Amino acid sequence: MKVYKLKFKQEINSDIDKVFNFFSNAENLAKITPKKLGFKILTPLPIKMKEGQLIDYTIKLIGKEIRWRTMITEYEPNVKFVDQQLKGPYSMWHHTHEFKEVDGKVEMTDTIYYVMPFGLLGRIVNYLIVRNDLNNIFKYRLKIINQLFDTN
């Protein structure tokens, strides 16, 4: 089993309360996800972000709608939260969102560990498609976050 790691850092020109509140509001995930993924939250809104919170949603991959369920396994206001996949397209997905004030701005770090299903075939699909798609999703997020927070 091959565990892949992605790490993205972004500096956001805002205060930590505003930034953390934005990212810990699950409804905002649709705003920072590329439209082609057809992201939809299935869990009734509003969602109270806390440890143990389950969030169900769908995304489209290769034109097929996939159900995804995550659980918030750690939640520390203005510091970090972790979502882990319970059901979805990966054999394992662990996403840590960390927030830190640095020189009057917020440094946000996303660290993702994931495992592809289907053994060797999954590794090939990751190499050819998935890793690039995930990088593009986070590049898109960076751009949208910059627009939302006027960060340049």
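Above this text is the structure in question.
Since this is a predicted model, take the numbers as computed values, not measurements.

Calculation rules
Residues numbered from 1 in each chain as written. Predicted model: local features only at pLDDT ≥ 70, side-chain atom pairs only at ≥ 80, totals over all residues. Heavy atoms only, no water. Helix = DSSP H or I, 4+ residues; strand = E, 2+ residues; numbered from the N terminus. Rg over C-alpha atoms; globule rule 2.2 N^0.38 Å. Buried < 20%, exposed > 50% of the residue type's maximum accessible area, 1.4 Å probe, protein only. Contact = heavy atoms within 4.5 Å. Areas by Shrake-Rupley, 256 points an atom, 1.4 Å probe, with all protein chains shown as cover. Lys, Arg positive; Asp, Glu negative; His and termini not counted. Charge placed at Lys NZ, Arg CZ, Asp CG, Glu CD. Salt bridge = Lys/Arg side-chain N within 4 Å of Asp/Glu carboxyl O. Pairing = 2+ DSSP bridges. Axes fitted to C-alpha atoms, helices over the stretch in contact; angles between N-to-C directions. Phe/Tyr/Trp six-rings, centres within 6.5 Å; stacked < 30°, edge-to-face > 60°. Lys NZ or Arg CZ within 6 Å of the ring centre and 35° of its normal.

Student: Even after reading the chapter, I still don't get the overall build of the protein, so can you show me in this structure?
Tutor: A count of helical and extended segments in the protein gives 2 helices and 7 strands. Taking 152 residues into account, the globule formula puts the C-alpha radius of gyration at 15 Å, and the protein, at 15 Å, falls close to it. A principal-axis box enclosing the C-alpha atoms of the protein has dimensions of 45 × 30 × 25 Å. By residue count, 43% of the 152 residues in the protein fall in the buried class. Put simply, of all contacts in the protein between residues at least 6 apart along the chain, 45% involve residues at least 24 apart. Entry remark: accessible area of the protein is about 9000 Å², with carbon and sulfur atoms responsible for 53%. Charge centroids of the protein, computed over 24 positive and 17 negative side chains, lie 9 Å from each other.

Student: Hey, could you run me through the pattern of salt bridges in this one?
Tutor: A side chain with one charge may pair with a side chain of the opposite charge, provided their charged atoms come close. Taken as a whole, this structure holds 6 salt bridges when the rule is applied. With a closest N to O distance of 3.5 Å, K105 and E11 form a salt bridge. Here K105 is found in strand β7 (residues 105-115), whereas its partner E11 is found in strand β1 (residues 3-12), with 94 residues between them in sequence. Looking at E11, the relative accessible area reads 45%, which means it is partly exposed. Here E107 ties to K100 by a salt bridge, and the two come within 3.7 Å at their closest N and O atoms. Several salt bridges converge on common partners, so that one network encompasses K9, K100 and E107.

Student: Mind showing me how you'd approach the environment of K87 here?
Tutor: Tracing the sequence through the fold places K87 in strand β5 (residues 80-87). With relative accessibility at 52%, the residue K87 sits in the exposed group. Along the backbone, K87 and T70 are 17 residues apart, and their C-alpha atoms lie at a distance of 7.0 Å. Dropping the residues within four chain positions of it, K87 is found in contact with R67, W68 and R69.

Student: When you look at the sheet that holds β7 in this model, what are you seeing that I'm missing?
Tutor: Two modes of strand pairing occur in sheets, parallel and antiparallel, and in both the strands are linked by backbone hydrogen bonds. Taken in spatial order, the 7 strands make up an open sheet running β1-β7-β6-β5-β4-β3-β2, and their pairing is antiparallel. Of all strands in the sheet, those bounded by a partner on one side alone are β1 and β2 (40-41). Summarising the sheet, strand β3 (residues 54-61) and strand β4 (residues 64-76) pair through 8 bridges and their orientation is antiparallel. For I55, the partnering residue across the bridge sits in β4 and is T70. Sheet contacts for helix α1 (residues 16-23): β1, β4, β5, β6 (92-102) and β7; angle to β6, the most-contacted strand, approximately 165°. On the sheet, helix α2 (residues 119-149) packs against β1, β6 and β7 and is oriented at approximately 15° with respect to β1.

Student: It is not clear to me how the packing of aromatic side chains should be interpreted in this structure. Could you clarify?
Tutor: Two aromatic rings, taken as a pair, are described by how far apart their centres are and by the angle between their planes. Per the stated rule, a full pass over the model turns up 16 aromatic pairs. Aromatic side chains W68 and W93 sit 5.5 Å apart centroid to centroid with 80° between the ring planes, which places their arrangement in the edge-to-face category. Within this pair, whereas W68 is found in strand β4, its partner W93 is found in strand β6, the two being separated by 25 residues in sequence. Owing to a relative accessible area of 8%, W68 belongs among the buried residues under this scheme. One aromatic cluster is present, formed by Y4, F39, Y57, W68, Y90, W93 and Y114 through successive ring pairs. Here R141 stacks its cationic end above the ring of F138, 4.7 Å away from the centre of that ring.

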